[in-house]
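Given next are the chains, with one letter for each unit.
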Amino acid sequence: MNQYDLNLILNPNLSAEQVQIEKEYIETTLKNSGAELSNLDDVGNRRLAYQVGKDREGYYLMYTIKASGNPEKEIASTLRLRDHVRRVLVVKDRPEWKTKKA
């Protein structure tokens, strides 16, 4: 199993209950695809670099997952169908990208 970063941007106008529902759906999708959730970083509302739809802000969720196969195809394509999901990005975590200080 490889380690991946799953980054999502949700609609910034969601209530706390709606955000919780989206988180539960995401975790269910991860479990159904055979991925393991390692870490969740709930950043909250942040300003976007460019406008997405009519929104200048987005609600950021950053997951660290362990998955086999192609999570971009399996997980991301399923999550993109949700109404409140604005962007989905899956990036493979590679050890050579991490810098070590001497």
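This text goes with the structure placed above it.
Bear in mind the structure is a predicted one, so any value in this text is a computation, not a measurement.

### Considerations on the side chain of E22
Part 1 of the argument: With respect to the element layout, E22 can be found in helix α1 (residues 16–32).
Part 2 of the argument: There is a polar contact of 3.0 Å between the side chain of E22 and the side chain of R82.
Part 3 of the argument: Among residues more than four places away in sequence, those in contact with E22 are L10, L14, R82, H84 and V85.

### Here we look at the side chain of T29
Part 1 of the argument: Structurally, T29 can be placed in helix α1.
Part 2 of the argument: Note on T29: relative accessible area 9%, which makes it buried.
Part 3 of the argument: One polar contact links the side chain of T29 to the main-chain carbonyl oxygen of Y25, over a distance of 2.8 Å.

### A word on the nonpolar core
Part 1 of the argument: Membership of the largest hydrophobic core comes to 20 residues, with the highest contact counts inside it found for L6, L8, L30 and Y63.
Part 2 of the argument: The set of elements that each furnish at least two residues to this core consists of β1 (2–10), α1, β3 (55–67), α2 (71–79) and β4 (85–92).
Part 3 of the argument: Among the elements that make up this core, the one with the highest residue count is β3 (five residues).

### Overview of the pattern of salt bridges
Part 1 of the argument: Tallied over the full model, the rule gives four salt bridges.
Part 2 of the argument: Where K23 meets D42, a salt bridge forms, and the shortest distance between an N and an O atom there is 2.6 Å. Highlighted residues: K23 in helix α1 and D42 in strand β2 (residues 36–52), separated in sequence by 19 residues.
Part 3 of the argument: Taking the relative accessible area as the measure of exposure, D42 reaches 32% and is therefore partly exposed.
Part 4 of the argument: When the shortest N-O distance is used, the salt bridge between R86 and D55 registers 3.3 Å. Note that R86 is positioned in strand β4 and D55 in strand β3, a separation of 31 residues in sequence.
Part 5 of the argument: By relative accessible area, which is 28% here, R86 ends up partly exposed.
Part 6 of the argument: The exposure class assigned to D55 is buried, which follows from its relative accessible area of 15%.

### Concerning the pairing of β1
Part 1 of the argument: Bridge count for β1 against β3 is nine bridges, and the pairing is antiparallel. Pairing of L6 across the sheet is with Y63, part of β3.
Part 2 of the argument: Note: β1 against β4, seven bridges, orientation antiparallel. By the bridge assignment for β4, L8 is matched with V88.

### Topic: the pairing of β3
Part 1 of the argument: Sheet topology note: the β2/β3 ladder contains eleven bridges and is antiparallel. Paired with N45 across the two strands is Y59, which belongs to β3.
Part 2 of the argument: Connecting β2 to the next strand, β3, in antiparallel fashion are two residues, including G53 with a positive phi near 65 degrees.

Reading the values: the criteria
Residues numbered from 1 in each chain as written. Predicted model: local features only at pLDDT ≥ 70, side-chain atom pairs only at ≥ 80, totals over all residues. Heavy atoms only, no water. Helix = DSSP H or I, 4+ residues; strand = E, 2+ residues; numbered from the N terminus. Polar contact = N/O pair within 3.5 Å; in protein donor to acceptor, adjacent residues only side chain to side chain. Contact = heavy atoms within 4.5 Å. Buried < 20%, exposed > 50% of the residue type's maximum accessible area, 1.4 Å probe, protein only. Core = buried A, V, L, I, M, F, W, Y, C linked by side-chain atoms within 4.5 Å. Salt bridge = Lys/Arg side-chain N within 4 Å of Asp/Glu carboxyl O. Pairing = 2+ DSSP bridges.

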